[in-house]
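Structure at a glance
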Amino acid sequence: MKRGIGKSHSKIILIGEHSVVYGYPAIAIPLKKIEIECTIEEAKSNFFYDETDTLSVAIFTALKYLKKENVKIKYKITSQIPQKRGMGSSAAVSIAAIRAIFNYFRENLEDELLEKLVNTAEIVAHKTPSGLDAKTCLSDKAIRFVKNKGFSYIGLNLDAYLVIADTGIYGNTGEAIQNVKNLGDKAELSLKKLGRLTDEMTRILTGNSENKEEKIRREKISKIGEIMTAANTELGKLNITIEKTELFVKMAIENGAAGAKISGGGLGGCVIALAENLEIMEKVKDGFTKCGAENIWVEKI
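A short tour of the structure in this document, coming up. Here, residues in each chain are numbered from 1, in the same order as that chain's written sequence. Thresholds applied to this predicted model are a pLDDT of at least 70 for local features of residues and 80 or more for the giving and counting of side-chain atom pairs; totals over whole chains, interfaces and linings are not thresholded and use all residues. In computing side-chain values, all of the structure's heavy atoms are included and hydrogens and water are not.

Moving on, we come to the packing of aromatic side chains. Between 30 and 60 degrees the pair is tilted, below 30 it is stacked and above 60 it is edge-to-face, where a pair is any two Phe, Tyr or Trp rings, Trp via its six-membered ring, whose centres lie within 6.5 Å. The final tally for this structure, using the stated rule, is six aromatic pairs. A cation over a ring is seen here: Lys-135 above Phe-151, with NZ or CZ 5.0 Å from the ring centre. Here, over-ring charges are defined by two tests on the NZ atom of lysine or the CZ atom of arginine: distance to the ring centre within 6 Å, and angle to the ring normal within 35 degrees.

Encoded structure:
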């Protein structure tokens, strides 16, 4: 049987969510071990196009480009990426689906075209996507992004662990964005602070990475952790955090994390924590489990 397969990976925002909407920078990290796979196979009936569904739009976008709109196909998705957790599920499923369609027809797919087709599908999911999710789900490096200005790649050489916990509560980006808007001018101070914290983190991450001294490495991790926790405080002032995410942050720090914060749209979703070594990472994981984490992932950064 004729078959096409496409894969992609997840992503998480390290810092800059919400403030990025207002022109401040954000940093996102690809999560290469958390994958999604799309399989395309022959079917007895034509592909049904649902313009309200991101996956359907992604498949149709690829078919339209290849002038194969009336093809008889079906699809299957196998995903490790939870939805509505700020982990790029819609961008990742679009990437996997478009790759699968091109693979099915044995057509070559350049990265530039893939990104263009993915962003077309992402407009359905997020109306006005920044492009950050798609870019990070296509990348194997961390990305610094500024709206309307572009992207740059950042090498992460901390030899540390980012522990990601799913709180089990759907994030609500739309409501969270509205919460910030409702604050009006009162939000400006926290948004500016988040911008400054992201700039500070960028300077630390892009500093002299050749220096492998343990003392320097630990200092960098400590500073980045402090910035993460400070960012969480500002996100709290913007009404983005909830009681459960604050409990996760507190638990991570009590268990030795250098810092912790909510990640993504907010009002649920994921909490991330920075652990200097394996021992602390395991303690943070145990703490998250006690808090009721639905899932926990670890990314070496």
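Here the narrative resumes.
Lines fitted to C-alpha atoms define the axes here, with helix axes fitted over just the stretch in contact, and angles between the N-to-C directions of these axes take values from 0 to 180 degrees. Secondary structure elements follow DSSP: runs of H or I no shorter than four residues count as helices, runs of E no shorter than two count as strands, and numbering proceeds from the N terminus. The interhelical angle for the contact between helix H6 (residues 188–205) and helix H7 (residues 214–237), taken along N-to-C directions, is 165 degrees, at an axis separation of 10 Å. It follows from the interaxial angle that H6 and H7 lie roughly antiparallel. The handedness of the crossing between H6 and H7 is left-handed. Mapping the contact onto sequence places Ser-190, Lys-193, Leu-194, Leu-197, Glu-200, Met-201, Ile-204 and Leu-205 in H6 and Lys-220, Lys-223, Ile-224, Ile-227, Met-228, Ala-230, Ala-231, Glu-234, Leu-235 and Lys-237 in H7. Following the grouping adopted for this structure description, the nonpolar residues are Ala, Val, Leu, Ile, Met, Phe, Trp, Tyr, Cys and Pro, the charged ones are Asp, Glu, Lys and Arg, and the polar ones are all others, Gly among them. When the residues that make up the contact of H6 with H7 are grouped by side-chain class, the tally is 11 nonpolar, one polar and six charged. For classification, angles of less than 35 degrees are called roughly parallel, those exceeding 145 degrees roughly antiparallel, those between 65 and 115 degrees roughly perpendicular, and all remaining angles oblique. Note on convention: the crossing is left-handed when the near helix lies turned anticlockwise from the far helix by less than a right angle, right-handed when the turn is clockwise. Between two residues, a contact is recorded if the distance between any of their heavy atoms is within 4.5 Å.

In this model helix H1 (residues 54–65) runs 16 Å from its N-terminal to its C-terminal C-alpha over 12 residues, within 8% of the 16 Å that 1.5 Å per residue would give. Counting buried residues in H1 gives 10 out of 12 residues, a clear majority hidden from the surface. Using a 1.4 Å probe on the protein chains alone, a residue whose accessible area is under 20% of its type maximum counts as buried, one over 50% counts as exposed, and one in between counts as partly exposed. Restricting attention to buried positions, one finds in H1 the residues Thr-54, Leu-55, Ser-56, Val-57, Ala-58, Ile-59, Phe-60, Thr-61, Ala-62 and Leu-63. Positive backbone phi, approximately 60 degrees, marks Lys-67, located one or two places after H1. A helix is expected to span 1.5 Å multiplied by its residue count minus one.

When DSSP locates at least two bridges between a pair of strands, those strands are taken to pair. Judged by pairing direction, the sheet is antiparallel, and its four strands sit side by side in the order S7-S8-S6-S9 without closing on themselves. Of all strands in the sheet, those with a lone pairing partner are strand S7 (259–263) and strand S9 (295–300), marking the two edges. Pairs of neighbouring strands in the sheet enclose a mean axial angle of 20 degrees, with direction left out of account. Judged from the five bridges that link them, S7 and strand S8 (residues 270–275) form a sheet pairing that is antiparallel. When the sheet's bridge partners are listed, Ala-260 is paired in S8 with Ala-273.

Note that every value here comes from positions in space, so none of it alone points to a role or purpose.
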